Amino acid sequence: MLSVKLICVGKMKEKHFCDAFEEYSKRLGAFCRFEVEEIAEQRLPDSPSAAEIAAALRREAEAIRKKLPAGAAVTAMCVEGREMSSPQLAAYIAKTASGGTSRLCFLVGGSFGLDEELKREASLRLSMSAMTFPHHLARIMLAEQLYRAFTINAGARYHK
């Protein structure tokens, strides 16, 4: 069975976000070994400089690298990434799995995104939209799209 791990910067606290994410986590359990790992978002002053943001992103990237599963195909979620339709994401997952990779890992940054070097190291940069979303909502949207992709690959009726 395919293993899917989300590494997310920041903790989700709001009940409505947690409930929505838990629903898709539960659904994904029928298709893969699904886990989420949260790492602490670096604290910054109210008006951080570009250098302070870059340093914080580097520290977050170090923490993320320690959590990456060995041999995983890593996808960095970022606005400048490639946009895919739901069927294209399903095809990517199927192709990756059939190519011998049994682990997928998706990275969701905090409010300032992900470190540029970390994004360069990823197998894929993926964007949900050119629009900006709160990172907690993006996490839920990613879980839903992963669930949708698995149902597409299984031939289930969820995707219409």
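Everything here concerns the structure above.
In what follows, the accompanying structure is described. (Residues numbered from 1 in each chain as written. Predicted model: local features only at pLDDT ≥ 70, side-chain atom pairs only at ≥ 80, totals over all residues. Heavy atoms only, no water.)

**Structural notes on the nonpolar core**
A general feature of soluble globular proteins is that nonpolar side chains tend to end up buried together. In this structure, V4, L6, F34, I93, F106 and L146 are the most contacted members of the largest nonpolar core, which totals 30 residues. For this core, the elements supplying multiple residues, two or more each, are β1 (3-9), α1 (15-28), β3 (73-83), α3 (86-98), β4 (103-108), β5 (124-127) and α5 (135-154). Sorting elements by how many residues they give to this core places α5 first, with seven residues. Not counting the four nearest positions on each side in its chain, V4 is found in contact with C32, R33, F34, E35, L104, F106, L146 and F150. (Core = buried A, V, L, I, M, F, W, Y, C linked by side-chain atoms within 4.5 Å. Buried < 20%, exposed > 50% of the residue type's maximum accessible area, 1.4 Å probe, protein only. Helix = DSSP H or I, 4+ residues; strand = E, 2+ residues; numbered from the N terminus. Contact = heavy atoms within 4.5 Å.)

**Some details on the pairing of β4**
Within β4, five of the six residues are buried, which leaves it mostly tucked inside the rest of the structure. Here six bridges tie β1 to β4, and the two strands are oriented parallel to one another. Bridging from a neighbouring strand, V4 pairs with L104 of β4. Direction of pairing for β3 relative to β4: parallel, over a ladder of four bridges. Residue T75 lies in a different strand from β4, and its bridge partner there is F106. (Pairing = 2+ DSSP bridges.)

**Structural notes on α1**
Structural remark: α-helix, 3.6 residues per turn; residues separated by three or four positions point the same way. Here α1 is 14 residues long and its end C-alpha atoms lie 20 Å apart, about the 20 Å a rise of 1.5 Å per residue gives. Three or more residues of α1 are buried, namely F17, F21, Y24, S25 and L28. Looking straight down α1, one finds that the buried residues subtend no more than 105 degrees of arc, so they occupy a single side. Those residues of α1 that are exposed and aimed more than 90 degrees away from the buried face are K15, H16, E22 and K26. For α1, the secondary structure elements touched by its buried residues are β1, β2 (33-39) and α5. (Expected span 1.5 Å × (residues − 1). Arc of directions from axis to C-beta.)

**Points about the side chain of T75**
Mapping T75 onto the fold places it in strand β3. Take T75: its relative accessible area is 1%, and that puts it in the buried class. If sequence neighbours within four positions are ignored, T75 has contacts with Y92, C105, F106, L107, L124 and L126.

**Points about the side chain of S86**
Here S86 shows up in helix α3. Overall, the relative accessible area of 14% leaves S86 in the buried class. If we skip the residues at most four places from it in the chain, S86 touches Q145, R148, I152 and H159.

**Quick look at the packing of α3 against α5**
Close contact between α3 and α5 brings their axes to 8 Å; oriented N to C, the two are set at 75 degrees. One way to sum up the angle between α3 and α5 is to call them roughly perpendicular. Contact with α3, carried on its side by S86, P87, L89, A90, A91, I93 and A94, involves Q145, L146, R148, A149, F150, I152 and N153 of α5 and no other residues of that element. The residue inventory of the contact of α3 with α5, partitioned by class, reads ten nonpolar, three polar and one charged. (Axes fitted to C-alpha atoms, helices over the stretch in contact; angles between N-to-C directions. Parallel < 35°, antiparallel > 145°, perpendicular 65-115°, else oblique. Nonpolar A, V, L, I, M, F, W, Y, C, P; charged D, E, K, R; others polar.)

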